[in-house]
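Overview (structure and organization)
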Amino acid sequence: MAEAGINEAQTAAAPPAQDTTDGFHLVIEALKLNDIDTIFGLVGIPITDLARLAQAEGMRFIGFRHEQNAGNAAAVAGYMTKKPGVCLTVSAPGFLNGLTALANATTNCFPMILISGSSEREIVDLQQGDYEEMDQLNAAKPYAKAAYRVLHAEDIGIGIARAIRAAVSGRPGGVYLDLPARLLAQTIEAAKGRQSLVKVVDAAPRQIPAPDTVERALDVLRTAKRPLILLGKGAAYAQADAPIRALIEKTGIPYLPMSMAKGLLPDTHEQSASAARSFVLAESDAVLLIGARLNWLLSHGKGKTWGAPARKRFIQVDIAPTEIDSNVAIEAPVIGDIGSCVEALLEGLGSDFPKPPAEWLDAIAQRKAQNLSKMAATLAKNPAPMNFHSALRAIRDVLKTRPEVNVVNEGANTLDYARSIIDMAQPRKRFDSGTWGIMGIGMGFAIGAAVTSGTQVVAIEGDSAFGFSGMELETICRYDLPVCTIVFNNNGVYRGTDVNPTGGPDVAPTVFVKNARYDRMMEAFGGTGRHATTPEELTAALAEAIASGKPTLINAVIDESAGTESGRLTNLNPQSAATKK
Ligand code: ADP
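Residues numbered from 1 in each chain as written. Predicted model: local features only at pLDDT ≥ 70, side-chain atom pairs only at ≥ 80, totals over all residues. Heavy atoms only, no water.

1. Observations concerning the site of the ligand
Basically, it comes down to this: If even one non-hydrogen atom of a residue comes within 4 Å of a molecule or strand, that residue is called near it. Nitrogen and oxygen atoms within 3.5 Å of one another constitute a polar contact, given that in protein one can donate a hydrogen and the other can accept it, and given that sequence-neighbouring residues count only through two side-chain atoms. All accessibility values rest on the Shrake-Rupley procedure with a 1.4 Å probe; residue burial counts only the protein chains present in the view. Going along the chain from the N terminus, every DSSP run of H or I of four or more residues is numbered as a helix, and every run of E of two or more is numbered as a strand.
Near the ligand, the surroundings consist of 19 residues, among which R171, K233, R293, D318 and I338 are the closest. One of the side-chain nitrogen or oxygen atoms of R171 is found 2.8 Å away from an oxygen atom of the ligand. Taking K233, its main chain carries an N or O atom lying 2.7 Å from an oxygen atom of the ligand. In isolation the ligand offers 580 Å² of accessible surface; the protein chains occlude 97% of this area. Examining the composition of the shell around the ligand, we find that three residues originate from one element, helix 11 (residues 233-237), more than from any other.

2. Description of the nonpolar core
This is how the line gets drawn: Residues belong to one nonpolar core when they are buried, are Ala, Val, Leu, Ile, Met, Phe, Trp, Tyr or Cys, and are joined through side-chain atoms within 4.5 Å. Burial classes: relative accessible area under 20% of the type maximum marks a residue as buried, over 50% as exposed, and values in between as partly exposed (1.4 Å probe, protein chains only). Contact criterion: two residues are considered in contact whenever any of their non-hydrogen atoms come within 4.5 Å of each other.
Grouped together as the largest cluster of nonpolar side chains are 126 residues, with contacts concentrated most on L231 and I244. Ignoring sequence-local partners within four residues, the contact set of I244 consists of L231, A235, L264, L265, I338 and V342.

3. Concerning the sheet that holds strand 4 (residues 85-89)
Stated precisely, the cut-off is as follows: Paired strands, in this sense, are two strands between which DSSP finds at least two bridges. For helices, the fitted line uses only the C-alpha atoms of the stretch in contact; every axis is such a line through C-alpha atoms, and the angle between N-to-C directions lies from 0 to 180 degrees.
Spatially, the six strands line up as an open sheet ordered 3-2-4-5-7-6, and their pairing is parallel. Looking at the sheet topology across the chains shown, the edges are occupied by strand 3 (60-63) and strand 6 (146-149). Neighbour-to-neighbour, the strand axes of the sheet open up by a mean angle of 20°, direction not taken into account. As defined by bridge partners, strand 5 (residues 112-118) adjoins strand 7 (residues 174-180) across seven bridges and the pair is classed as parallel. Bridging across to strand 7, I113 finds its partner in V175. Across the face of the sheet, helix 18 (residues 442-453) comes into contact with strand 2 (38-41) and strand 3 while running at roughly 165° to strand 2.

4. Re helix 2 (residues 48-56)
What helix 2 keeps buried is the set T48, D49, L50, A51, L53 and A54. Here the buried face of helix 2 lies against helix 1 (23-33), strand 2, strand 3, strand 4 and helix 8 (181-185). In the segment just after helix 2, G58 is the residue with positive phi, at about 95°.

5. A word on the pattern of salt bridges
Using the following cut-off: Any carboxyl oxygen of Asp or Glu within 4 Å of a side-chain nitrogen of Lys or Arg constitutes a salt bridge here.
Overall, the coordinates contain 25 salt bridges when judged by the stated rule. Taking the shortest distance from any N to any O, the salt bridge between R149 and D178 comes out at 3.0 Å. In this pair, R149 is assigned in strand 6 and D178 in strand 7, connecting sequence segments 29 residues apart. Judged by relative accessible area, D178 falls into the buried class, the value being 1%. Across the salt bridge formed by R428 and D241, the nearest N and O atoms sit 2.8 Å from each other.

6. Side note on the packing of aromatic side chains
The geometry of an aromatic ring pair is captured by the separation of the ring centres together with the interplanar angle, meaning the angle of the planes. Applicable threshold: Geometry of aromatic contacts follows a simple scheme: Phe, Tyr and Trp rings, the Trp one being its six-membered ring, pair when their centres are within 6.5 Å, and the pair is stacked under 30 degrees between planes, edge-to-face over 60, tilted otherwise.
Across all of its chains, the model carries eleven aromatic pairs by this definition. Ring centres of Y79 and F431 lie 6.2 Å apart, and the angle between their planes is 90°; this geometry places the pair in the edge-to-face category. Separated by 352 residues along the polypeptide, Y79 in helix 3 (residues 67-81) and F431 in strand 15 (residues 430-432) bring together distant segments of the chain. The exposure class assigned to Y79 is buried, which follows from its relative accessible area of 0%. On the accessibility criterion, F431 (0% relative accessible area) is buried. An aromatic cluster of three or more residues is present, and its members are Y79, F110, Y237, F431 and F445.

7. A short note on helix 12 (residues 241-251)
The cut-off we apply is this: Directions pointing from the helix axis toward each C-beta atom define the arc.
All of the buried residues in helix 12 are P243, I244, L247, I248 and T251. Relative to the axis of helix 12, the buried residues are bounded by an arc of 135° and lie together on one face. Residues of helix 12 that are exposed and point more than 90 degrees away from the buried face comprise A242 and K250. Of the surrounding elements, those touching the buried residues of helix 12 are strand 9 (227-231), helix 11, strand 10 (255-257), strand 11 (286-290) and helix 14 (338-349). G252, located one to two residues past helix 12, shows a positive phi value of around 75°.

8. Here we look at the domain arrangement of the protein
Keep this limit in mind: Start and end positions for the domains come from either an automated domain assignment or a database one. Here the term charged refers only to Asp, Glu, Lys and Arg, the term nonpolar to Ala, Val, Leu, Ile, Met, Phe, Trp, Tyr, Cys and Pro, and the term polar to all other amino acids, Gly among them.
Domain annotation of the protein identifies domain 1 (8-196), domain 2 (211-365) and domain 3 (381-569). Here the C-alpha centroids of domain 2 and domain 3 sit 32 Å apart. Contacts between the two partners involve 17 residues from domain 2 and, on the opposite side, 16 residues from domain 3. Between domain 2 and domain 3 we count one salt bridge in total. The residue inventory of the side of domain 2 that touches domain 3, partitioned by class, reads seven nonpolar, five polar and five charged.

9. Considering the side chain of S91
Here S91 shows up in the loop between strand 4 and helix 4 (92-108). When residues no more than four places from it in sequence are discounted, the contact partners of S91 are I45, P46, G117, S118, S119, E132 and Q136.

10. Re the sheet that holds strand 14 (residues 406-410)
In spatial order, the strands read 15-14-16-17-19-18; together these six strands make up an open sheet with parallel pairing. Strand pairing shows two members of the sheet lacking a second neighbour, strand 15 and strand 18 (528-532), which therefore form its edges. Strand-to-strand, the axes of this sheet are offset by a mean angle of 15°, without reference to chain direction.

11. Re the environment of A73
Considering the arrangement of structural elements, one finds A73 in helix 3. For A73, a relative accessible area of 0% gives the class buried. Along the primary structure A73 and E565 are separated by 492 residues, whereas in three dimensions their C-alpha atoms are 29 Å apart. Excluding residues within four positions of it along the chain, A73 makes contact with F40, F64, G444 and G448.

12. Considerations on the state of the cysteines
Basically, it comes down to this: Pairs of cysteine sulfur atoms within 2.5 Å are what we label disulfides.
Under the defined criterion, the tally for this structure stands at zero disulfides. The structure places no disulfide on C484, whose sulfur is separated from the nearest cysteine sulfur, that of C477, by 12 Å.

13. Focus on the packing of helix 3 against helix 4
Rule in force here: Any angle that is under 35 degrees is reported as roughly parallel, and any over 145 degrees as roughly antiparallel; angles of 65 to 115 degrees are reported as roughly perpendicular and all others as oblique. Less than a right angle of anticlockwise turn of the near helix away from the far helix marks a crossing as left-handed, whereas a clockwise turn marks it as right-handed.
Two elements in contact, helix 3 and helix 4, have axes separated by 7 Å at closest approach and are oriented at 30°. The pairing of helix 3 with helix 4 is recorded here as roughly parallel in orientation. Pair helix 3 / helix 4 crosses with right-handed handedness. Note on element contacts: helix 4 touches helix 3 through G94, N97, G98, T100, A101, N104 and A105, opposite E67, Q68, G71, N72 and A75. Looking at side-chain class alone, the contact of helix 3 with helix 4 contains three nonpolar, eight polar and one charged residues.

What follows is the structure, encoded as structure tokens:
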């Protein structure tokens, strides 16, 4: 935070004398040496000069309005590139803002490094009341895959090397790196500084699965009558697109993508069982999980969703051995990196690998056809005002012609419906609320995806979800990013029709200002705002936005009574007789 009246001189990066260097320069050189070319962050004491220097030395510094969004941008950059995304923040409050993104990155297995400036150890540890005093290292530890502090300039190279390796090796995650203000200003001999830098060799080494684990997995698949493959975002992250597709096509086994694995194979692929999701989860007898965890998003692998009381046989491909048996027994664990594991499975298939029984494939095809025709009928309706379905149909029609577009998606109903209505055709193009199901990733992910790919992003946002990061519209305009944000505006959280039962002056907890014009927020920063009340207007506005490649926001007016409480997660709300009708 850039507090007025506090002198930054003590940590300013004055050019070091010719034969010396300092902490500022060593941090930037260490990052550059490891091919990190972008920092997402928010300046203030003590890291403003670090950001300036990064820019002066040819790195990209993307400045945000809130650290959480910078952290989310860094995390999505890490997910897209398999290189850690870097987020830079000031001490205590700025660090804590970034910590939410770090925890989210760790939870989602995205490689990211949060670098925060901090106050001096001597004062923090004696709790003598320093400016922005906080024991950041210990605060970060429970939420990070690893956390390190560097106290000596000659250790900066090692500190950054450790952070990079920890972020990307094994199961990827968020790493915290604590840089006290005084470290940045420390000077050492330039030659000693150069020698201290470390270029990380093979940061995420391949991990080859043991041959017997591959055989065991193939035995389960071979004997299955109703096999299913489930692809998670770990499979998308691994960038093993060709072998994964080959495994699916060679075995002929139907597959389901988790939301961020959509597009790993085009959603229109004939083996996709997405349109028969509930059916295949319940009816399959053996499931091969590739980079997907049996967490709440998959009903923990048990219960009615999975066809209980029938027992399911699971094969799980994952890099983290402790993931196995986390929720239910896994009959055939295959531990290694997804590329190596899938290649080994492919090699082991042999020419006599049996195709799945025709009854199973026919039953799925039938269920798909039924569900698709039901969905087509729902999508064809044209209610006024628009509902989620008619608005998403309008968006789908445009995106179908632009498979290269990155899609960011959050909200309750907006997330649930968009996930099934918007098909993806390319891998790693869909970014959403992920493992935590959190709101607030929208503009951070959109900026991260736009900066990293240099291509168009469309962010499909519930009006409530958008509120968490909406100020970053200014950032989008400042960097002139090709981001089109579509706000599904139904006047509230879930919907806008709740009333205060007391008749008092406050609106109900879920209600926002009626008929808000989010498009005008965009105009305030020089972007283009559009107001759409019909599917035709929405289609036209989106097509125009993508063609322009400019910052755009479309205020899509949705029927305020259209939303369901918590979308599809209604069952997670504790019941209260007082508030439920
Ligand atoms: P989804 O939410 O899409 O189901 P998850 O985030 O639950 O996906 O699961 C991703 C899984 O992928 C994690 O268990 C993680 O350990 C694993 N993973 C991530 N990267 C790799 C990789 N390169 N090789 C193997 N497993 C990986």
